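Structural features, examined
Each chain is listed here by its residues.
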Amino acid sequence: VHVDFDCIFDKGLALPKPEIIPFRLTPNMVDAFGPVGADGIYTESLKNAISILRDNRDTLISVLEPFLKDPIIDWKKSRLSQRQGGTDSNIRDSAQA
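The rules behind the values
Residues numbered from 1 in each chain as written. Predicted model: local features only at pLDDT ≥ 70, side-chain atom pairs only at ≥ 80, totals over all residues. Heavy atoms only, no water. Phe/Tyr/Trp six-rings, centres within 6.5 Å; stacked < 30°, edge-to-face > 60°. Helix = DSSP H or I, 4+ residues; strand = E, 2+ residues; numbered from the N terminus. Buried < 20%, exposed > 50% of the residue type's maximum accessible area, 1.4 Å probe, protein only. Contact = heavy atoms within 4.5 Å. pLDDT = per-residue confidence, 0-100.

What follows concerns the packing of aromatic side chains. Applying the stated criterion across every chain yields a total of one aromatic pair. Between Phe 33 and Tyr 42, the ring centres sit 4.5 Å apart and the planes meet at 25°, which makes this aromatic pair stacked.

Before going further, it helps to spend a moment on the environment of Ala 38. As for its position among the elements, Ala 38 is in the loop between α1 (27–32) and α2 (41–55). Since its relative accessible area comes to 15%, Ala 38 is described here as buried. For Ala 38 and Pro 27, which are eleven residues apart along the polypeptide, the C-alpha to C-alpha distance reads 9.9 Å. The contacts of Ala 38, once residues within four sequence positions are left out, are Leu 25, Val 30, Phe 33 and Thr 43.

The share of residues in the protein chain with pLDDT of 70 or more is 71%, and the mean pLDDT across the chain is 76. Every residue in residues 88–97 scores below 50 in pLDDT, and together they form three contacts with partners more than four places removed in sequence or on other chains.

Structure (structure tokens):
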């Protein structure tokens, strides 16, 4: 199985043309499914998975919602934008003076 390490862990979002699709069903992947391709067990498994997710929507949302509203993630993003804008080095320089 080939893993493109340039696009995992949200690194693909920082590319010149952002990679926003988490998974691509390439011809190589379809060939790996065997003679029935994507129309066999793969498609049925996806249908079953989405059905289960829909049936348990409230539970799924209650588990995922804290990740969407996590203040630490916002803090990390603002800290990263400060570093990219040079603000971090300015703070260090003024602290050393």
